[in-house]
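For reference, the chains in residue letters:
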Amino acid sequence: MQRYNTMDTRALIGKVESLIRETGAFIKEELGKVNSDDIETKAMNSLVSYVDKNAEAKLVKGLSELLPGSGFITEEDTPDDRSKDKIWIIDPLDGTTNYLRQIPHFSVSVALQVDGVVQLGFVYNIMLDEMFSAGKDHGAFLNGRRMIVSPTKDFNESVIATGFPYENRETLPFVEILQELMVTCRGLRRFGSAALDLAFTACGRLDAYYECCLNTWDIAAGVLIVQEAGGTVTDFSGGNQYEEGDQIVASNGKIHEQLLSVIGQHMTLA
Ligand code: IPD
Ligand code: CA
Ligand code: CA
């Protein structure tokens, strides 16, 4: 990682992971305790509670102490500050709908961007205590063990995840894409945490994942983790306009073109 020597980076990674695990422990502790009065609707189908907000506040406080002067791009209340060299991109609780229904599949996502390039990514699978991490040009890891994408080459053996956006569901051709994938791949999943969909693609549980209408905090960490695990990440046209989360296709690389081709047949691409 630029600007840090190896010792500094290792120490930073250890401290960031501890902070994320502490935040995850808080989220887990509150599971099942959120009342309907505690839940706000931010936008259509987009829910939030004190758990998301307090988790974010804990991360922002801890990360500000670790790298004084760094900026933040987050999902909840912290003001965006894109003017800094070092920016933490955070989704404090990815999978809020699952969380509020006590479906045990949600995560914390934290990325560190330095001079516009994501250098570190962490996705923490809270209920299974799985820390997915990556450092740019340094590989991807699951609880400290190096991981790589799946070897699946045959599209008809692939297991693919997707997500449905909160809005505009009726105007986007999801059903058509799903219908085609239903008969051309082995299995389709909709898990409900984009960050974990990417992490699962990186470690080979999934062969690919695609979604649209996301935000940078949903995917910043997961994209680096997939890339460092040897996978491919593009937008729906095969280009690199995925960083803001408008469109993303992540895969093991081997089935990427076939998935792009299915999506491209049904989406009107820019
Ligand atoms: C959501 C999850 C979900 C995806 C949604 C996201 P949130 O994030 O990642 O899988 O389909 O589009 O907004 O709201 O739970 O942080
Ligand atoms: Ca999210
Ligand atoms: Ca969230």
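The structure presented is a predicted model; accordingly, all values stated were derived computationally and were not measured.

Draft legend 1. Structural view of the side chain of Glu76. Structurally, Glu76 is set in the loop between strand S3 (71–74) and strand S4 (86–94). In this structure Glu76 touches Lys42, Val48, Asp52, Glu56 and Pro92, once residues within four positions along its chain are discounted.

Draft legend 2. Spatial organisation of the domain arrangement of the chain. Structurally, the chain comprises domain 1 (7–146) and domain 2 (155–269). With 39 residues of domain 1 at the interface, the matching set in domain 2 holds 24 residues. Interface of domain 1 and domain 2: buried area, both sides summed, is about 2,400 Å²; carbon and sulfur atoms make up 63% of it. For the pair domain 1 and domain 2, the interface holds one salt bridge. Measuring nitrogen to oxygen at the nearest pair gives 2.6 Å for the salt bridge that ties Arg205 to Glu130. Our count for the contact surface shared by domain 1 and domain 2 stands at nine residue pairs in polar contact (both at pLDDT 80 or more).

Draft legend 3. Looking closely at helix H2 (residues 50–66). With 17 residues, H2 should reach 24 Å at 1.5 Å per residue; the first-to-last C-alpha distance of 24 Å fits that figure. Where H2 is concerned, the buried positions are Val51, Asp52, Ala55, Glu56, Leu59, Val60, Gly62 and Leu63. Between the side-chain oxygen of the N-cap and the backbone nitrogen of Val51 there are 3.0 Å, and the N-cap of H2 in question is Ser49.

Draft legend 4. Broad picture of the site of ligand 1. Around ligand 1 sit 15 residues, and of these Asp94, Gly95, Thr96, Tyr166 and Glu211 come closest. With respect to ligand 1, the side chain of Glu75 contributes an N or O atom lying 3.2 Å from an oxygen atom. In the environment of ligand 1, an oxygen atom lies 2.8 Å from a nitrogen or oxygen atom belonging to the backbone of Thr96. Most atoms of ligand 1, that is more than half of them, are within 2 Å of grid points of the largest pocket. Per-element tally for the shell around ligand 1: the top contributor is S4, with three residues. Residues belonging to the shell around ligand 1 are distributed by class as follows: five nonpolar, four polar and six charged. A domain split of the shell around ligand 1 shows at least three residues from each of domain 1 (7–146) and domain 2 (155–269).

Draft legend 5. Quick peek at the packing of aromatic side chains. Tallied over the entire structure, the rule returns four aromatic pairs. Considering the side-chain rings of Phe132 and Phe200, the 6.3 Å spacing of their centres and the 50° angle between planes classify their relative orientation as tilted. Of this pair, Phe132 sits in strand S7 (residues 130–135) while Phe200 is found in helix H5 (residues 194–202), placing the two residues 68 residues apart along the sequence. In this structure Phe132 comes out as buried when scored by relative accessible area, which is 0%. With a centroid separation of 5.9 Å and 75° between ring planes, the pair formed by Phe191 and Phe200 is classed as edge-to-face. The exposure class assigned to Phe191 is partly exposed, which follows from its relative accessible area of 26%.

Draft legend 6. Looking closely at the coordination of the calcium ion (ligand 3). Of the protein atoms, only Glu75 (OE), Asp91 (OD), Asp91 (OD) and Leu93 (O) coordinate the calcium ion (ligand 3), at distances of 2.2 to 3.1 Å. Sequence positions of the donors to the calcium ion (ligand 3) reduce to the motif E-x15-D-x1-L. Separation of the calcium ion (ligand 3) from the calcium ion (ligand 2) amounts to 3.7 Å, with Asp91 serving as a shared donor to the pair. With Glu75 in the loop between S3 and S4 and Leu93 in strand S4, this residue pair connects regions lying 18 residues apart in the sequence. The buried category is assigned to Leu93, whose relative accessible area is 1%.

The rules we used
Residues numbered from 1 in each chain as written. Chains lettered and ligands numbered in written order. Predicted model: local features only at pLDDT ≥ 70, side-chain atom pairs only at ≥ 80, totals over all residues. Heavy atoms only, no water. Helix = DSSP H or I, 4+ residues; strand = E, 2+ residues; numbered from the N terminus. Contact = heavy atoms within 4.5 Å. Domains from an automatic or database assignment. Buried area = accessible area lost by both parts, 1.4 Å probe. Salt bridge = Lys/Arg side-chain N within 4 Å of Asp/Glu carboxyl O. Polar contact = N/O pair within 3.5 Å; in protein donor to acceptor, adjacent residues only side chain to side chain. Expected span 1.5 Å × (residues − 1). Buried < 20%, exposed > 50% of the residue type's maximum accessible area, 1.4 Å probe, protein only. Near = heavy atom within 4 Å. 1 Å grid on protein atoms, 1.4 Å probe; cavity = no way out; pocket = protein on both sides within 12 Å on 5 of 7 lines; lining within 4 Å. Sits in = over half its atoms within 2 Å of the grid points. Nonpolar A, V, L, I, M, F, W, Y, C, P; charged D, E, K, R; others polar. Phe/Tyr/Trp six-rings, centres within 6.5 Å; stacked < 30°, edge-to-face > 60°. Donors = N, O, S within 2.8 Å, 3.2 Å for Na, K, Ca; no water.

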